[in-house]
Amino acid sequence: MSKSERPSQLFRNLNAKVASIPMILTAMVVFVGGTAWTVLYSFTNSKLLPRLNFVGLDQYYRLWATPRWLISIENLLIYGVISLVFSLVIGFLLAALLDQKIRFEDTFRTIFLYPFALSFIVTGLVWQWLLNPDFGVQGVVRSLGWTSFDFNPLYNSSIVIYGISIAALWQGTGLIMCLMLAGLRGIDEDIWKAARVDGIPMWKTYLFIIIPMMRPVFITTLVIIASGIVKVYDLVVAQTSGGPGIASEVPAKYVYDYMFFAQNLGQGFAASTMMLLSVMIVIVPWAYLEFGGRKRV
Amino acid sequence: MSDHAVALSATSSNWRDDAAGPSGPKPRHMFSRRNIFLYGTLVVVALYYLLPLYVMVVTSLKGMPEIRLGNIFSPPLEITFEPWVKAWSQACTGLNCDGLSRGFWNSVRITVPSVILSIAIASVNGYALANWRFKGADTFFVILIVGAFIPYQVMIYPIVIILREIGLYGSLTGLVIVHSIFGMPILTLLFRNYFTSMPEELFRAARVDGAGFWGIYLRIMLPMSLPIFVVAIILQVTGIWNDFLFGVVYTRPDTYPMTVQLNNIVNSVQGVKEYNVNMAATILTGLVPLIVYFISGKLFVRGIAAGAVKG
């Protein structure tokens, strides 16, 4: 520093401020500005190019009258409930099993977690192959003699979203297991000793003592799963491309297709604003509970 | 998040066994009913998790005639590496038939600068937030963290406009900037928490010795925080390599990253489906993050526990 003889508050902060310019730009221009821009333009009838020609809530009326959007929402709800319930249950059970002072814990954990390192595209393509009706699981079971065996989720529009959920669970449960395991390890060993002394069976200890104690971990995990659910996009693109027909469409794909293929920007903006709204419904109460009491985050 | 990371890093140490001592539970037999159930369940689940990887590898080593006849779980009768060669150098996307290698190099050209840039920006941000807090800094930080939860779809189009205005739409540079922007919340949080946990005396001593903002960052903070940099690198390499959405939005067909090209190869509607080539291509795309995962081990767990918010 050139004026080192005067270590003024102003100079010290100048450097930090200059260094924080990318952060400030990202926060204000992209996150705040970009979001406000999209919400604003969702009230216009922009087609190929964004135009400020306001039409009120027209795009939203149209959105909720579009069968493809309604299917997307229904799929997201089914996918969301399956993801939440099964990844929490399976993740917790696996963590509880790994927490039994077993041998090869690291090996098991490595195996359960490796799918998480893979992209949704890779995950989707592998499961597309495994669930292939002619060569995959169904084909193999049929070739073993059980010819009426029927397991073809990816080409059956009424259950295709379950086929996608199978792949999603395979990919994501390892992460939940890791978070749960960290939570279990954070619990004082004395609790276990006390429960054992009192003769409480293990499953009861888990259900009535450990899980209530892990409330913060569960809440964090819940937020992580929930914010992942809304974003689901690449998995569907890779596994089914939204098919058969429009049976496995999801909101994120609706947004992308309307913005970049259908050249109906207004619809895309309205749909993405709905996505934002659904995230806010989950995040705001959580942020309020988590940070509301404290002065500084 | 960092609490998890700390707890996870202690997972396999045997601190719990120390407490047991002679008063602990009585030793169990190796083949007790409990152990058979425990290990039996774990092994079955582990097999289920490994199955897709196994099927991928096995399929990619078979010839097409064998795939049509046989079952996807059987090991190859005759091992062939032709599908791998074909996936790497001949597989077609649209009119281009130069294989996945193009996507691979694009991904390298995207990932390396993105990782460096995003970590450089975020570490300085975290450092400024931890040690040089200025008025309003925390507000920007909160906006940044809240922004991490906004669905990307909301911000995709405004960024298209910004990039088009500065002439970077469709270029790799544009995509690098996008990755740096969206990597910023979680990385800044990671670095801020790490720098905050460092003893403040260090910082004060350096100040007394006359070191400035950049001097302290480069000579003290950077060398002392290598582990967190490794965690950040792991997080970013896997995250950016696996990205699909930004790749498909912000690049053109000749600059598509590997994931986008892979999807186009496998899901193209023209021609005969070559499942072995498809699976070889899929493994090739998954190989980089898998290698990172298996080499980094516990650090990866720390990284994802920190980066889980990113989803």
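Residues numbered from 1 in each chain as written. Chains lettered and ligands numbered in written order. Predicted model: local features only at pLDDT ≥ 70, side-chain atom pairs only at ≥ 80, totals over all residues.

- An unreviewed UniProt entry lists chain A under the name Permease component of ABC-type sugar transporter, with Mesorhizobium australicum as the source organism.
- Under the UniProt heading Sequence similarities (unreviewed entry), the entry covering chain A gives this text: "Belongs to the binding-protein-dependent transport system permease family."
- Recorded under Subcellular location (unreviewed entry), the UniProt text for chain A is reproduced unchanged: "Cell membrane". (UniProt positions renumbered as here; feature names shortened; annotations may be inferred.)

1. Some words on the UniProt feature "domain: ABC transmembrane type-1" (unreviewed entry) in chain A
Now for step 1: According to UniProt, the feature "domain: ABC transmembrane type-1" (unreviewed entry) maps to residues 73-288 of chain A in the numbering used here.
Now for step 2: Overall, residues 73-288 of chain A shows 74% helix and 0% strand. The separation of its end C-alpha atoms is 26 Å. (Helix = DSSP H or I, 4+ residues; strand = E, 2+ residues; numbered from the N terminus.)

2. Observations regarding the environment of B:Gly94
All names here are of chain B.
Now for step 1: As for its placement among the helices and strands, Gly94 is situated in the loop between α5 (82-89) and α6 (101-131).
Now for step 2: Since 10 C-beta atoms lie within 10 Å of it, Gly94 is described here as exposed.
Now for step 3: Separated by 14 residues in the primary sequence, Gly94 and Thr80 place their C-alpha atoms 26 Å from one another. (Buried ≥ 20, exposed ≤ 12 C-beta atoms within 10 Å, placed from the backbone.)

3. Regarding the environment of A:Gly243
Now for step 1: Mapped onto the elements, A:Gly243 comes out in the loop between α12 (234-239) and α13 (251-260).
Now for step 2: In this structure, the C-alpha to C-alpha distance between A:Gly243 and A:Leu154, residues 89 residues apart in sequence, is 8.0 Å.

4. Details of unusual backbone geometry
Residues and elements named next belong to chain A.
Now for step 1: At Phe104, a residue that is not glycine, the phi angle is positive and equals roughly 55°.
Now for step 2: Residue position: Phe104 is located in the loop between α4 (67-98) and α5 (105-117).
Now for step 3: Taking the number of C-beta atoms within 10 Å as the measure of exposure, Phe104 has 14 and is therefore partly exposed.
Now for step 4: One non-glycine residue with positive phi stands out, namely Gln263, at about 50°.
Now for step 5: Within the secondary structure, Gln263 is located in the loop between α13 and α14 (265-291).

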